[in-house]
Amino acid sequence: MGRIVQLSKNVINQIAAGEVIERPYSVVKELVENSIDAGATKISVDVANECRDLRIADNGCGIHPDDILLAFSKHATSKIQTSEDLFDIKTMGFRGEALASIISISKLTCITRTAAFDNGTKVECQNSEVKQTPTGCAVGTIMEIKDLFYNLPARLKFLKSAKTEFAYINEYIQTISLVHPEISFEVKFNGKTSLKTTAQNEQMQTIKELFSNEVVSNLKPVLKTDKLSGLKISGYVSTPDYTRASKKDYYMFVNSRSVKCPVFQKAIDMVYRNLTGSSRYPFIVLNLEIMPADVDVNVHPTKKEVRYKNPNQIFNFIQSSITDALRATIEKVREEEEEKIVFLDDRKEEVEQIAYVSEETSISDIFSKKIEEDIRPKNEDRPKLKIVQPAPVQTKVVQEPEFKQEDIIIGQYKKTYILIEKEDGLEIVDQHIAEERFIYETLKKTKNIDCQLLFISDVLEVSPSDKELLETNKNKLLEFGYDIDFLSDKEIIFRKVPQMISKISPKEILADILENISGDIDNIEEKILITTSCKAAVKANTYLNQYQMEEIIRNWRKCENPETCPHGRPIAKFFEHKDLAKFFQRNK
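Residues numbered from 1 in each chain as written. Predicted model: local features only at pLDDT ≥ 70, side-chain atom pairs only at ≥ 80, totals over all residues. Heavy atoms only, no water.

Asks: For this particular structure, what's the right way to read the nonpolar core?
Replies: Soluble, globular proteins show a tendency: their nonpolar side chains are buried together. If you look at the biggest cluster of nonpolar residues, it comprises 56 residues, and the most contacted ones within it are Val-32, Phe-72, Leu-108, Ile-145, Ile-173 and Ile-207. Among the elements that take part in this core, helix H6 (residues 162-178) stands out by supplying seven residues, more than any other. In contact with Val-32, not counting residues within four places along its chain, are Ile-43, Val-45, Ile-56, Tyr-172, Ile-173 and Phe-185. Ala-267, Tyr-272, Val-306 and Ala-325 belong to the second largest nonpolar core, which has 30 residues in total. (Core = buried A, V, L, I, M, F, W, Y, C linked by side-chain atoms within 4.5 Å. Buried < 20%, exposed > 50% of the residue type's maximum accessible area, 1.4 Å probe, protein only. Helix = DSSP H or I, 4+ residues; strand = E, 2+ residues; numbered from the N terminus. Contact = heavy atoms within 4.5 Å.)

Asks: Help me understand helix H7 (residues 203-210) in this model?
Replies: Because the α-helix completes a turn every 3.6 residues, residues three or four places apart line up on one side. For H7, the full list of buried residues reads Gln-203, Thr-206, Ile-207, Glu-209 and Leu-210. Down the axis of H7, the buried set is contained in an arc of 160 degrees. They therefore lie on one face. (Arc of directions from axis to C-beta.)

Asks: Please clarify how the confidence of the model for the chain should be interpreted in this entry.
Replies: Interpretation of the predicted coordinates at a detailed level should be avoided for regions scoring low in pLDDT. Considering every residue of the chain, the mean pLDDT works out to 79; 76% of them sit at 70 or more. A low-confidence stretch, residues 343-404 stays under pLDDT 50, and its non-local contacts, those more than four residues away or across chains, total 37 contacts. (pLDDT = per-residue confidence, 0-100.)

Asks: What exactly am I supposed to notice about the environment of Pro-464 here?
Replies: The residue Pro-464 is located in helix H14 (residues 464-472) in this model. Put simply, Pro-464 and Gln-174 are 290 residues apart on the chain and 9.6 Å apart in space, counted from C-alpha to C-alpha. Leaving out residues up to four positions away in the same chain, Pro-464 has contacts with Ser-194, Leu-195, Glu-209, Leu-210 and Asp-489.

Asks: What is the right way to read the packing of aromatic side chains from this model?
Replies: When we look at a pair of aromatic rings, we describe it by the centre distance and by the angle of the planes. One pass over the structure, following the stated rule, counts eight aromatic pairs. Measuring from ring centre to ring centre gives 4.2 Å for Phe-166 and Phe-189, while their planes differ by 10 degrees; the resulting arrangement is stacked. One end of the pair, Phe-166, is in helix H6; the other, Phe-189, is in strand S7 (residues 184-189), and 23 residues separate them in sequence. Phe-189 gets classed as buried once you look at its relative accessible area, which sits at 14%. If you follow Arg-23 out to its NZ or CZ, it ends over the ring of Tyr-168, 4.3 Å from the centre. Between the NZ or CZ atom of Lys-107 and the centre of the ring of Tyr-150, over which it lies, the distance is 4.9 Å. (Phe/Tyr/Trp six-rings, centres within 6.5 Å; stacked < 30°, edge-to-face > 60°. Lys NZ or Arg CZ within 6 Å of the ring centre and 35° of its normal.)

Asks: What's the story with the sheet that holds strand S11 (residues 250-254) in this structure? I'm lost.
Replies: Each strand in a sheet pairs with another by means of backbone hydrogen bonds, the pair being arranged parallel or else antiparallel. Ordered in space as S9-S10-S13-S11-S12, the five strands form an open sheet in which the pairing is mixed. Taken across any chain shown, the strands that pair with only one partner, and hence form the sheet edges, are strand S9 (219-226) and strand S12 (257-258). Running at roughly 60 degrees to S11, H6 makes contact with S11, S12 and strand S13 (284-289) of the sheet. In this fold helix H9 (residues 262-272) packs onto strand S10 (231-238), S11 and S13, with an angle of close to 135 degrees to the strand it touches most, S11. (Pairing = 2+ DSSP bridges. Axes fitted to C-alpha atoms, helices over the stretch in contact; angles between N-to-C directions.)

Asks: It is not clear to me how helix H13 (residues 431-445) should be interpreted in this structure. Could you clarify?
Replies: Under the 1.5 Å per step criterion, the end-to-end length of H13 is 22 Å for 15 residues, consistent within 8% with the ideal 21 Å. Taken residue by residue, H13 has Gln-431, His-432, Ile-433, Ala-434, Glu-436, Arg-437, Ile-439, Tyr-440, Glu-441 and Leu-443 as its buried positions. The secondary structure elements touched by the buried residues of H13 are strand S16 (408-413), strand S17 (417-422), strand S18 (425-430), helix H17 (524-536) and helix H18 (546-557). The backbone nitrogen of His-432 has a side-chain oxygen 3.0 Å away, supplied by the residue at the start of H13, namely Asp-430. (Expected span 1.5 Å × (residues − 1). Polar contact = N/O pair within 3.5 Å; in protein donor to acceptor, adjacent residues only side chain to side chain.)

Asks: Would you mind showing me how to read the sheet that holds strand S8 (residues 192-196) here?
Replies: Taken together, eight strands build an open sheet; the order of strands is S5-S4-S3-S6-S2-S1-S7-S8 and the sheet is mixed. The two strands at the open ends of the sheet, each matched to only one other strand, are strand S5 (129-135) and S8. Averaged over all pairs of adjacent strands, the angle between strand axes in this sheet comes to 15 degrees, irrespective of strand direction. Relative to strand S4 (residues 120-126), strand S3 (residues 107-113) runs antiparallel, the two sharing six bridges. Opposite Leu-108, over in S4, you have Cys-125 as the bridge partner. Packed on one face of the sheet, helix H2 (residues 24-37) meets strand S1 (42-48), strand S2 (53-58), strand S6 (140-146) and S7 and runs near 10 degrees to S2. Sheet contacts for H6: S1, S2, S7 and S8; angle to S7, the most-contacted strand, approximately 175 degrees.

Asks: Would you explain the state of the cysteines in this entry?
Replies: Here a disulfide denotes a covalent bond joining the sulfur atom of one cysteine to the sulfur atom of another. One pass over the full model with this rule turns up zero disulfides. The thiol of Cys-125 is not disulfide-bonded; the next cysteine sulfur, from Cys-110, is found 7.4 Å away. (Disulfide = S-S within 2.5 Å.)

Asks: Please clarify how unusual backbone geometry should be interpreted in this entry.
Replies: Negative phi is the rule for most residues except glycine; trans is the rule for most peptide bonds. The phi dihedral of Ala-199 falls on the positive side, at around 55 degrees, and the residue is not glycine. You can see Ala-199 is positioned in the loop between S8 and H7. Ala-199 sits in the partly exposed class, given a relative accessible area of 28%.

Structure, rendered in structure tokens:
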């Protein structure tokens, strides 16, 4: 082992930068938070050169010329003074680590001016060395970062593609702008605007600018205050009938700081658990205001995690606030469910008859028959409906191919699982993910995907960030059968879609595409294939006849990887006959 030496200031800062500055997004986050703390009402972010050149400009209070050199020193900050201040943090930043870390791994130029001075200050930093000169500029601060990670080739090597790195930046600005509707944010990528808000100080207006009118029309306001405990929560939550396939639209804030909080998330999930379908999640924008002494934000270098002094109190407060906001909606949902139950009980025969009618029987024939039944005298016996062999109609008989494999299909369970009797046991197959696996492997081997031209397509609203994502990947989507036209910054239409999903609404197709590729566009080809195969596969809770079940199982057996679907879920579960016999004590 060598002798112990004192590390240089630059090396110390580079080591610290490993915790604070993980990727370009981290630089943007730290500098934007400084702009917010400086009272800025306008913040612009420019990204270029594979996300290694960044420019963050604001109209905040600026940095005093006597403090500018100290600002780039380690653990120098204007936001706390003593250890007691750590228990009363009201700013986004407070450690004084960011600037010192950034100048150790990039070439930084800072131009700043306060309202008290006619001239500004220009500071040039490289390898933790700082040079200061006077300059003319407006009130506020401009931070220009060049060649990020130029002296850390190992960190540079592990960065993802420029599109992916920018997606992290864009997602962060979108998130922070939701809780600061009083600030105008603008983000540019290689000179092109991808996101912009207008600072109208109305959160609903900001949500509309970032997402769509459809999102806004499905939101309920949340506002609750507990003065005794110093708690307040405000924001919006979606109605139970407007959901997403993932939790990526959980925008949770504590004292206007974006957080990943299990307590917060669990409270949301508990409210919606019995209101939404399986694997469906609401759209959430909520800001919890709490006394700084009752929450610790100094848990992790990224400040994304928080700890509460009384987590149970926080959980109950959030849960009750959302429940109160949804109360009218919840009652409405319950009434609709009761009506549905009555319908299923009283009109079961009619539903079954429609479900089993031949494709060549017209809808008008069905309702004509229904009218005839309704006008018959009540004492006349109604015709019995045969489920296995429906009443004969004038239809063409199609001879179904015989199922010649060793599988003996018993039938369906819950219209979702196919039950197969095998020589040595019972196999249960999920019909949706079995067909999804087959379609996925077929698409992966296919060079040309059949497309369906849409003569009429709904105009779909998208957020600026989603529009940027779709536009960037337009050619890649086209390769897989999705032809998109961009009508404006917030409107698109589908010109073509893969033929196998042509009957699915464009709105549903778009939602699935965005939910699968948003925020991470690496391996986009794989994600598009998964989306298409999932949409094209038969859904759960769908009645299948014998031939349809046999076809699904036959195709699934041909798959190269029949164990799981493209998402990684198991397709089948096998129960050996000897285990079943043992359970029923038939071994003797």
